[in-house]
Amino acid sequence: MKILLVEDNERVTQFVVKGLQEAGHTTDHAGNGRDGMFLAASEPYDVIIMDRMLPGGIDGLAIIEVLRKAGKRTPILILSALSEVDDRIRGLRSGGDDYLTKPFAFGELLARLDALHRRAEGVNHETPLVVGDLHMDPLTRKVTRGDRPIALQPREFKLLEYLMRHADQVVTRTMLLENVWDYHFDPQTNVVDVHISKLRQKIDAEFERPLLRTVRNAGYTVTAGE
Amino acid sequence: MTSMMRSSALSLAMGYVALGLAALVLFAAPLWYAWQVTIQEGRTEYLQIDAQRLTEVYHREGADALKSFIDTRVGMQIPGERILLLTDASLQPLAGNLHAWPAGVPATPGNYKVNLGLGDRGIQEALVHVTNLGNYTLLVGRDNALFKPLQTRFWYGLAAAVAVLCIAGLFVGIITRRALMSRVYSIRQTVSAIIHGDLKHRLPTHVNDDELNTLSRTINGMLDQIELLVHGVRNVSNSIAHDLRTPLAELRSRLEELSLIRPSTDETYAEIDGAVADVDRVIRIFDALLRLAEIDAGMRRSGFVSLDVSDLAANAVEFYEPAAELKSIDLTFRSNGPLPVSGDPVLLAQALSNLIDNALKYAPQHGSIEVAVQKHGATAEISVSDNGPGIDELEKAKVVQRFYRGDASRGTPGVGLGLSLVQAVAKLHGSSLELRDNGPGLRAVLILAAEESGSLLRETAQTQPSPADGIAPSTLASLP
């Protein structure tokens, strides 16, 4: 992915650019609002990471509004220390696609960028999902692994569907809470892990090759690769 | 003195005095007018009768008889009582007590008010009546000064009334001011004690419910609330300091040890992961606090929608089911169908999730937890009951305090904000959290105002976006 990072804090920039590089993405960086606006408007990016409070006279939300008015539809993730609900609402209303508050875990940022990118490419809700020998048909709601049918509870189905739609990507616990349960808060205990291990029992337990894997310090991924 | 002038009690009294004066003038002016008119008319009539009598004498007995009659009367009367003058056609005096025809009085019949200028007889202003009798002219008059004492008395009376009114007003004003000042002074003293940090003081109140007393009571209520808040803030800052110290101390020693020992790469990474977990704990505490502050500020009331608590509770139970299974706890849900309330779906879900989370923490292995949604008249009750150790009666008030952790919770994960968040959410919804005895165990009941069912289904559908179409903002970075 080609990513634009508009961020004035040097440490955050260094941390994010290095991480994205290691994940195989190319990153352009703008340290102030003016440069950010110029780059975002002139270059084609897959995803833009936008800080809210920027030097240079133009703040992040203003840039987003200008870009959206100019017809740019590049997915934008807002990265900000402003964490109150009103701030998030303002950020998303201005045209941002996702909102992540500082401090953040890098895994969370990466997972959200992947999800945004994937979403921008378009999701077909009708085509069957396939990961290795695991098949899911969203229309008939049938799940099979190899030739063995797997019976799932509705919520387990939703969980697996989300994971399979983001196959080969890391999905964080927060993303799962938000998208599978619509819980926009931290339930303190590791309930998501328990759900995952139950799901794992059903899809992986009797098979040699596990598909649902835990990614340390980040979350989970469904993948057929190594 | 300037403070005297600015005193509201005094200016109020002065206002009343001015009002009294105005009323007095309004009362006296028509009276004065009526009196004057009556006197004038009475005197004129009197003079006419006098003149009439003299005219009769003239007609009956002739001019000479009239002259001697007038002379007799002038001789008999007290000087100044009556003015009589009979003149011939050229206005030369023939009889009477005036030496000459008074200047300024025409010789034609009528009533005139004239200044006779007879200082020696004490006559200044007089009312005269002039009559023509053949070749003679008769003037009958009366000194106005006769009525002066009465008028003077009237004016004196009026002045006395004004003086009494002013003095009484001033007096009452000063007394009221003094009484008021003494009460205001005591209020001021209390308030300045409070300003200097002693929140224990309260304004003095009396049994009677006058304006100041009502105000004092209201202010005392406000002070109670402020004291509670300040106390809370003080407690919270202490607790924050304490709770943040622990993970920060761990983090510090971990990093220091790393730098001192310089262990193998694998071990170093493990230590770094540990350090990240420490930092995440600190972030978690901050996030919980920010959320509480947000709820306390009532900022989220704008997010209220009509929602089905029964559905909300069912989802929460389903969410915790696997965690309960893991501990072999029997988690059951009881509801009598949809129950609409108006509220914030995210916060209510979080509150309920905190209650279930708590119950899971304290219920024993193979224990049981029941989540029930019931309608009780106009209220919707969501209860979470467990058969754990419960909460001691004495501790019930404390467990909802921020950062308070009961004895039973030592060694369990959590930062001690769970129940205070539930309490804050309940408060935001204008409802309450009740901690009842479940014998054994705790029965936490969230009481909300039930809504009349109506357009419920459509609205709840709107508030719960399907996972495919929304990546919504997250509250916390996901923790490893």
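Definitions and cut-offs
Residues numbered from 1 in each chain as written. Chains lettered and ligands numbered in written order. Predicted model: local features only at pLDDT ≥ 70, side-chain atom pairs only at ≥ 80, totals over all residues. Pairing = 2+ DSSP bridges. Helix = DSSP H or I, 4+ residues; strand = E, 2+ residues; numbered from the N terminus. Axes fitted to C-alpha atoms, helices over the stretch in contact; angles between N-to-C directions. Core = buried A, V, L, I, M, F, W, Y, C linked by C-beta atoms within 7 Å. Buried ≥ 20, exposed ≤ 12 C-beta atoms within 10 Å, placed from the backbone. Contact = placed C-beta atoms within 7 Å. Arc of directions from axis to C-beta. pLDDT = per-residue confidence, 0-100.

Draft legend 1. Representation of the sheet that holds strand E7 (residues 134-137) of chain A within the structure. All names here are of chain A. Spatial strand order, E6-E7-E8-E9: four strands in an open sheet with antiparallel pairing. Edge positions in the sheet fall to strand E6 (129-131) and strand E9 (148-150), since each has one partner strand and no second. Taken over all neighbouring pairs, the strand axes of this sheet differ in orientation by 20° on average, direction set aside. Pairing geometry for strand E8 (residues 142-145) and E9, over three bridges, is antiparallel. When the sheet's bridge partners are listed, Val 143 is paired in E9 with Ile 150.

Draft legend 2. How the structure looks around the nonpolar core. Residues and elements named next belong to chain B. In terms of nonpolar packing, the biggest core is built from 109 residues, with Val 309, Tyr 320, Leu 352 and Val 425 touching the most fellow members. Filtering out sequence-adjacent residues up to four positions away, Val 309 remains in contact with Leu 339, Val 341, Val 373, Ala 380, Ile 382 and Leu 448. Grouped together as the second largest cluster of nonpolar side chains are 20 residues, Ala 51, Leu 86, Leu 98 and Leu 139 included.

Draft legend 3. Here's a closer look at helix H4 (residues 85-93) of chain A. Every buried residue of H4 of chain A is listed here: Val 85, Arg 88 and Gly 91 of chain A. Take H4 of chain A and look down its axis: the buried residues cluster within an arc of 125°, on one side only. Here the buried face of H4 of chain A lies against helix H3 (60-69), strand E4 (76-80) and strand E5 (98-101) of chain A together with helix H6 (265-296) of chain B. Once H4 of chain A finishes, Gly 95 of chain A follows within two positions and takes phi at roughly 125°, a positive value.

Draft legend 4. Seen up close, the sheet that holds strand E9 (residues 368-376) of chain B. Residue and element names in this part refer to chain B. Read across the sheet, five strands follow the order E7-E9-E10-E12-E11 without closing on themselves; strand pairing throughout is mixed. The open sheet has two edge strands with one neighbour each: strand E7 (330-335) and strand E11 (432-437). Recorded for the sheet is a direction-independent mean angle of 15° between the axes of neighbouring strands. Direction of pairing for strand E10 (residues 379-386) relative to strand E12 (residues 442-449): antiparallel, over a ladder of seven bridges. Looking at the pairing, Ile 382 lines up with Leu 446 of E12. Contacts from helix H8 (residues 345-362) reach E9, E10 and E12, with the element oriented near 20° to E10.

Draft legend 5. View of the confidence of the model for chain B. Residue and element names in this part refer to chain B. Per-residue pLDDT for chain B has a mean of 79; in total, 84% of the residues score no lower than 70. At the low end of the mean pLDDT range in chain B sits helix H11 (residues 456-463), at 41; at the high end sits E7, at 92. Segment residues 454-480 is flagged for pLDDT under 50; beyond a separation of four residues in sequence, or across chains, it makes 57 contacts in the model. Interface predicted TM-score (ipTM) for the complex: 0.71; the corresponding pTM is 0.57.

Draft legend 6. Structural view of the confidence of the model for chain A. The predicted model of chain A has a mean per-residue pLDDT of 87, with 97% of residues at 70 or higher. Mean pLDDT across the elements of chain A ranges from a minimum in H4 of chain A, with 83, to a maximum in strand E3 (residues 47-51) of chain A, with 93.

Draft legend 7. Structural context of unusual backbone geometry. All names here are of chain A. Look at the link from Lys 102 to Pro 103: it is a cis peptide, with omega at 0°. With respect to the element layout, Pro 103 can be found in the loop between E5 and helix H5 (106-120). Unusually for a residue other than glycine, Arg 141 sits at a positive phi of about 60°. Take Arg 141: it is sitting in the loop between E7 and E8. Residues other than glycine seldom take positive phi values, yet Asp 182 does so here, at roughly 60°. Since 18 C-beta atoms lie within 10 Å of it, Asp 182 is described here as partly exposed.

Draft legend 8. Spatial organisation of the pairing of E3 of chain A. Residues and elements named next belong to chain A. Among the five residues that make up E3, five are buried, leaving the element largely enclosed by the rest of the structure. Alternating positions in E3 separate into two faces, Val 47, Ile 49 and Asp 51 on one and Ile 48 and Met 50 on the other, with burial throughout. Where strand E1 (residues 2-6) lies against E3, four bridges are found, and the strand directions are parallel. Residue Leu 5 lies in a different strand from E3, and its bridge partner there is Ile 49. Of the strand pairs in this sheet, E3 and E4 are connected by four bridges, and their pairing is parallel. Residue pairing across strands places Ile 48 opposite Ile 76, the latter belonging to E4.

Draft legend 9. How the structure looks around the environment of Tyr 112 of chain B. All names here are of chain B. Note on placement: Tyr 112 falls in strand E3 (residues 110-118). We classify Tyr 112 as partly exposed; it has 16 C-beta atoms within 10 Å. Considering only alpha carbons, one finds Tyr 112 and Leu 127, 15 residues apart in sequence, at a separation of 5.8 Å. Ignoring any residue separated from it by four or fewer positions in sequence, one finds Tyr 112 in contact with Val 105 and Val 128.

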